[in-house]
Amino acid sequence: MAVFESTEKMYEILGSLFNKLMEDQVALEKFLAANIIVLFDITEPKGQLWLSPEDGVVCGPLDRTPTVTMTLSGDSCHKFWTKELSMPVAMATRKIKSKGPISKVLKLLPMLKPAYEAYPAIAKEYGLL
Amino acid sequence: MGYIDLDIHLTPEQESIKRETHKFAKEVLRPASLELDKMDPESVIKSDLFWNTMKKGYKLGYHTIFIPDDWGGLGLDPLESHIVLEELAWGSVDFAIGLGVSCFPSFFASMMPNEKLIEEIIEPFCANTDASLIGCWGITEPDHGTDTLAAGTPEFCDPSITGQVKAVRDGDEWVISGQKSAWVSNGTIATHSLLYLNIDPGMGMAGGGIAIVPLNIPGVRKGAPLDKMGQRALNQGEIFFDNARIPAEYMLVDQEAYEGILDLTLATANASMGAMFTGVARAAYEMALDYSRERIQGGKPLFEHQLIKHKLFSMFTKVEACRSLSRAALVYNLCNSPPLIQYSIASKVFCTQAALEVTNDAVQILGGIGLTKEYPAEKFFRDARAGLLEDGANDSLMLTGAHSL
């Protein structure tokens, strides 16, 4: 059974995570300076999460062209944020596929640090851990 | 001389990157590599000329081509990376490879950054301007060459074939023993290696790991620099490990991810070689074209002889084909993970072969003087010949690439 029972639930949980990330002043400043639009294109359940300097966190379709697209399943997403799935393993085993200049993808990684720290509490709150 | 860029979307900034890198390649790298070409390899790395050239490259950030600007790298986009690599190698493929491979430990650390790696590896390397921190890619071994790159092939998982450098976990450390062969670029001058080693012999070559190893730790010893026919300003040499210990955080990749990350490594390295040997072919073509317009034979410039004209047009076509393929492969594979390895291999194989043919034609057009050191044609030819073997021998790489068709 998938970790996220529905697209709506996934939006609620990951939307909350990304909003927390954007509340972190250091992460926000890095994100705005990088000036990139990130699309998490998620399968099982199907959904899209966007991080955009102009629109902030958007759950669902957005009429923008992403700089970086990360394609992954909901389960991989959960495992990634709980550190059960590392980036090299995810990339090597094709559980995460990325599209966009590697220099931009690599910029994204340090920005996500506060989300790693915040996710276990959020996941616990929703009974996922 | 330069070339007409068929990419009509180049930005003024990209044009400027091309111009500035070409200037550096022409004024600094080319003359230095021609001078160093005459020396034995020990003298090369003892010379002020070599180190001053490296320092100039570092000051301009050419050792950080693939590293994001957040860490202090150049943060070039994939197309800009191609432009820079072609121009650097136009001046000197020896230095282009040396500067390019230097970033491997930090580049890979930036893919999987942790506090220790950021503080101890990535940031100091990016901030380095005196070439006192140099990276290398330690993969090739005395008994293993191109087969180390053949991820995904059946032989790669054969437990009777394993790598010679092995690592064993001991508490919070990894203990490394074994030997890397004389073909490690920057081998004897490097301060850090991105080391590909075996951690699970039961999985054959696929049971690998990738670690960052500082080369000043106890248990590491280096061999003599390799004396070879081409790319003589590129330092290459053996590295020996005898119970060398690294912290666990320096092991970036274990056997679970090894094959996938190896593919990513090869995709980046081979696509970069395609870009660089486009530069080598172009250097030889431009020199031969200039010469053919000046040199009078049979009462008219060489260029006016139909056979020479035909040969030059063939060289021009090959250079343009190299750029088209190598740019497309590098840009695609630096924009997509997982990469399409077959395109990087196609780029490397095609461009190094074309560079050999074009540099050979340049020697032929120059005639007898092409064999002498009065013109760099013979150096370009020797440099190009090495390209068919380094970063994987072309014949074997093609078999690995074919596995993905």
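Since the model is a prediction, treat every value here as computed from it, not as a measurement. (Residues numbered from 1 in each chain as written. Chains lettered and ligands numbered in written order. Predicted model: local features only at pLDDT ≥ 70, side-chain atom pairs only at ≥ 80, totals over all residues.)

Q: Let's hear about the overall build of chain A: which residues, and what values?
A: Scanning chain A for helices and strands turns up six helices and five strands. When the elements of chain A are put in sequence order from the N terminus, they spell out α-α-β-β-β-β-α-α-β-α-α. Over its C-alpha atoms chain A spans a radius of gyration of 13 Å, differing by no more than 12% from the 14 Å that the globule rule assigns to 129 residues. Judged by the C-alpha coordinates and their principal axes, chain A covers about 35 × 30 × 25 Å. For chain A, the residues scored as buried account for 39% of the 129 residues in total. A separation of at least 24 residues holds for 69% of the contacts in chain A among residues at least 6 apart in sequence. (Helix = DSSP H or I, 4+ residues; strand = E, 2+ residues; numbered from the N terminus. Rg over C-alpha atoms; globule rule 2.2 N^0.38 Å. Buried ≥ 20, exposed ≤ 12 C-beta atoms within 10 Å, placed from the backbone. Contact = placed C-beta atoms within 7 Å.)

Q: Describe the overall build of chain B, and please don't skip the residues or the numbers.
A: Tallying secondary structure elements over chain B gives 12 helices and 11 strands in all. Its C-alpha atoms give chain B a radius of gyration of 21 Å, near enough to 22 Å, the size a compact globule of 405 residues would have. Counting only C-alpha atoms, chain B reaches 80 × 45 × 40 Å along its principal axes. Out of the 405 residues in chain B, the part that is buried amounts to 56%. Of all intrachain contacts in chain B linking residues separated by at least 6 positions in sequence, the fraction that spans at least 24 positions is 76%.

Q: Any chance you could break down helix H3 (residues 48-59) of chain B for me, citing the residues and the numbers?
A: Residue and element names in this part refer to chain B. Compared with the 16 Å implied by 1.5 Å per residue over 12 residues, the 16 Å span of H3 between its first and last C-alpha is a close match. Among all positions in H3, only Phe50, Thr53, Met54, Gly57 and Tyr58 are buried. Considered in projection along H3, the buried side chains sweep an arc of 140 degrees and stay on one side of the axis. Those residues of H3 that are buried are in contact with helix H1 (12-36), helix H2 (41-46) and helix H5 (93-102). Looking at the residues trailing H3, positive phi occurs at Gly61, about 80 degrees. (Expected span 1.5 Å × (residues − 1). Arc of directions from axis to C-beta.)

Q: Any chance you could break down the confidence of the model for chain B for me, citing the residues and the numbers?
A: Averaged over chain B, the pLDDT score is 96; the fraction of residues at 70 or greater is 100%. Reported confidences for the modelled complex are a pTM of 0.92 and an ipTM of 0.81. (pLDDT = per-residue confidence, 0-100.)

Q: Account for the pairing of strand E1 (residues 135-138) of chain B, with residues named and values stated.
A: Residue and element names in this part refer to chain B. Residues Gly135 and Trp137 line one face of E1 and the alternating positions Cys136 and Gly138 line the opposite face, and both faces are buried. Summarising the sheet, E1 and strand E4 (residues 192-198) pair through four bridges and their orientation is parallel. Bridging across to E4, Cys136 finds its partner in Ser193. (Pairing = 2+ DSSP bridges.)

Q: Outline the sheet that holds strand E1 (residues 38-43) of chain A, supporting the account with residue identities and numerical values.
A: Reading across from one edge, E3(A)-E2(A)-E1(A)-E4(A)-E5(A)-E11(B) is the order of the six strands in this open sheet, with mixed pairing throughout. Both outer strands of the open sheet, strand E3 (56-59) of chain A together with strand E11 (336-337) of chain B, are each paired with one neighbouring strand and no more. Across four bridges, the pairing between strand E2 (residues 47-52) of chain A and E3 of chain A is antiparallel. Across the sheet, Trp50 of chain A pairs through a bridge with Val58 of chain A, a residue of E3 of chain A. Across the sheet, helix H3 (residues 74-81) of chain A is in contact with E1, strand E4 (68-73) and strand E5 (96-99) of chain A; its angle to E4 of chain A comes to roughly 105 degrees. (Axes fitted to C-alpha atoms, helices over the stretch in contact; angles between N-to-C directions.)

Q: Requested: an account of the interface of chain A and chain B, with residues and values cited.
A: Each side of the interface is counted separately: chain A has 18 residues, and chain B has 23 residues. Of all the elements in the fold, those that place two or more residues in the side of chain A that touches chain B are helix H4 (87-92), E5 and helix H5 (102-111) of chain A. Take the side of chain A that touches chain B: its biggest share by element is six residues, from H5 of chain A. Where E5 of chain A lies against E11 of chain B, two bridges are found, and the strand directions are antiparallel. Across the sheet, the residue bridging to Lys99 of chain A is Asn336 of chain B, located in E11 of chain B.

Q: Residue-level account of the environment of Thr317 of chain B, with values.
A: All names here are of chain B. Positionally, Thr317 belongs in helix H9 (residues 306-333). Here Thr317 falls in the partly exposed class, since 13 other C-beta atoms lie within 10 Å of it. Separated by 36 residues in sequence, Thr317 and Ala281 have C-alpha atoms that sit 11 Å apart.

Q: Describe in detail the domain arrangement of chain B, supporting the description with residues and values.
A: All names here are of chain B. Entries for chain B in the domain assignment read domain 1 (12-127), domain 2 (135-255) and domain 3 (259-402). For domain 1 versus domain 2, the distance between C-alpha centres works out to 22 Å. Counting from both sides, the interface comprises 28 residues of domain 1 and, opposite them, 22 residues of domain 2. Looking at the side of domain 1 that touches domain 2, the elements that each hand over two or more residues are H1, H2, H5, helix H6 (104-111) and helix H7 (115-127). A total of seven residues in the side of domain 1 that touches domain 2 trace back to one element, the largest contributor, which is H5. (Domains from an automatic or database assignment.)

Q: Describe in detail the packing of helix H8 (residues 258-294) of chain B against H9 of chain B, supporting the description with residues and values.
A: Residue and element names in this part refer to chain B. Where H8 meets H9, the axes come as close as 9 Å, and the angle between the chain directions of the two elements is 160 degrees. Judged by the angle between their axes, H8 and H9 are roughly antiparallel. The crossing of H8 and H9 is left-handed. Taken together, the residues of the contact of H8 with H9 break down into 17 nonpolar, seven polar and three charged. (Parallel < 35°, antiparallel > 145°, perpendicular 65-115°, else oblique. Left-handed = near helix turned anticlockwise from the far one by under 90°. Nonpolar A, V, L, I, M, F, W, Y, C, P; charged D, E, K, R; others polar.)

Q: Residues and numbers for the confidence of the model for chain A, please.
A: Of the residues in chain A, 100% reach a pLDDT of 70 or more, and the chain-wide mean stands at 91. Mean pLDDT values for the elements of chain A range from 83 in H5 of chain A up to 96 in E2 of chain A.

Q: Report on unusual backbone geometry, specifying residues and quantitative values.
A: With an omega of 0 degrees, the peptide bond running from Glu44 of chain A to Pro45 of chain A counts as cis. Within the secondary structure, Pro45 of chain A is located in the loop between E1 and E2. Residues Ser337 of chain B and Pro338 of chain B are joined by a peptide bond in cis, for which omega reads 5 degrees. Tracing the sequence through the fold places Pro338 of chain B in the loop between E11 and helix H10 (341-366). Of note, the phi angle at Lys83 of chain A is positive, near 65 degrees, even though the residue is not glycine. By the secondary structure assignment, Lys83 of chain A is in the loop between H3 and H4. A positive phi is found at Asn186 of chain B, a non-glycine position, where the angle reads about 70 degrees. Its place among the elements puts Asn186 of chain B in the loop between strand E3 (173-180) and E4. Residue class for Asn186 of chain B comes out buried when judged on the 26 C-beta atoms lying within 10 Å of it.

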